[in-house]
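# Structural description and commentary
If you want the building blocks of each chain, they are given just below.
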Amino acid sequence: MTKTITFTLMHFCIAFSVTYALTGSAAAGSLVAAIEPLCNSVGFYFHEKVWQRLENRQAVEKHIPAHAWLHHQA
C-alpha cells in the first residue's frame, strides 16, 4: 500500500510540475494534478478491458485443433 501511495503522490507532483512549468500558473497546475490522474484511471480501466478480450481470444484460438483452422477463419 505504501508503494501505491508514494506512486500516486509522485504522479500528482509530476502533473503539477509539468503544467506549472508550461503555464506558470499554480491554479492550472493544481487543476491538472487533480483531474489528470482521474482521467488516467478511467483510461486504464478500458485499456484493461481491451487486453482481457485479446487474451481471452488468444486462449480460445490456442484450443482450436490444427485440422480445423480453415473453419475458424470464416
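Everything numeric in this text was worked out from a predicted model, so none of it was measured. (Residues numbered from 1 in each chain as written. Predicted model: local features only at pLDDT ≥ 70, side-chain atom pairs only at ≥ 80, totals over all residues. Heavy atoms only, no water.)

## Description of the overall build of the protein chain
Scanning the protein chain for helices and strands turns up three helices and zero strands. The order of α-helices and β-strands along the protein chain, N terminus first, is α-α-α. Looking at the protein chain as a whole, 8% of its 74 residues are labelled buried. Surface summary for the protein chain: the accessible area is close to 6,500 Å², and the carbon and sulfur share equals 68%. (Helix = DSSP H or I, 4+ residues; strand = E, 2+ residues; numbered from the N terminus. Buried < 20%, exposed > 50% of the residue type's maximum accessible area, 1.4 Å probe, protein only. Areas by Shrake-Rupley, 256 points an atom, 1.4 Å probe, with all protein chains shown as cover.)

## What about helix H1 (residues 2–23)?
With 22 residues, H1 extends 31 Å from end C-alpha to end C-alpha; this agrees with the ideal 32 Å at 1.5 Å per step. At the exit of H1 stands Gly24, carrying a positive phi of roughly 75 degrees. (Expected span 1.5 Å × (residues − 1).)

## Things to note about the confidence of the model for the protein chain
Residues at a pLDDT of 70 or more form 80% of the protein chain, whose mean pLDDT is 84. Of all secondary-structure elements in the protein chain, the lowest mean pLDDT belongs to helix H3 (residues 69–73), at 58, while H1 reaches the highest, 90. (pLDDT = per-residue confidence, 0-100.)

## Observations concerning the environment of Tyr20
Inspection of the secondary structure puts Tyr20 in helix H1. Discounting chain neighbours no more than four positions away, the residues touching Tyr20 are Ser25, Ala26 and Gly29. (Contact = heavy atoms within 4.5 Å.)

## Considerations on the packing of aromatic side chains
The geometry of an aromatic ring pair is captured by the separation of the ring centres together with the interplanar angle, meaning the angle of the planes. Enumeration over the complete set of coordinates arrives at two aromatic pairs. An angle of 5 degrees between the planes, with centres 5.8 Å apart, marks the rings of Phe16 and Tyr20 as stacked. Residue Phe16 and its partner Tyr20 are located together in helix H1, separated by four residues, close to a single helical turn. With a centroid separation of 5.2 Å and an interplanar angle of 80 degrees, the aromatic rings of Tyr45 and Phe46 are classed as edge-to-face. Relative accessible area serves as the criterion here: at 48%, Tyr45 is assigned to the partly exposed category. (Phe/Tyr/Trp six-rings, centres within 6.5 Å; stacked < 30°, edge-to-face > 60°.)

## Thoughts on a nonpolar patch on the surface
Nonpolar side chains collect at one region of the surface, where Phe7, Met10, Ile14, Val18 and Leu22 lie side by side and expose about 530 Å² of accessible area between them. Note on placement: Phe7 falls in helix H1. (Patch = residues over 30% accessible without salt bridge, like charges linked within 9 Å, V, L, I, M, F, W, Y side chains within 5 Å. Salt bridge = Lys/Arg side-chain N within 4 Å of Asp/Glu carboxyl O.)

## Topic: the side chain of Thr19
Of note, Thr19 is situated in helix H1. Once residues within four sequence positions are removed from consideration, Thr19 is found in contact with Gly24, Ala28, Gly29 and Val32.

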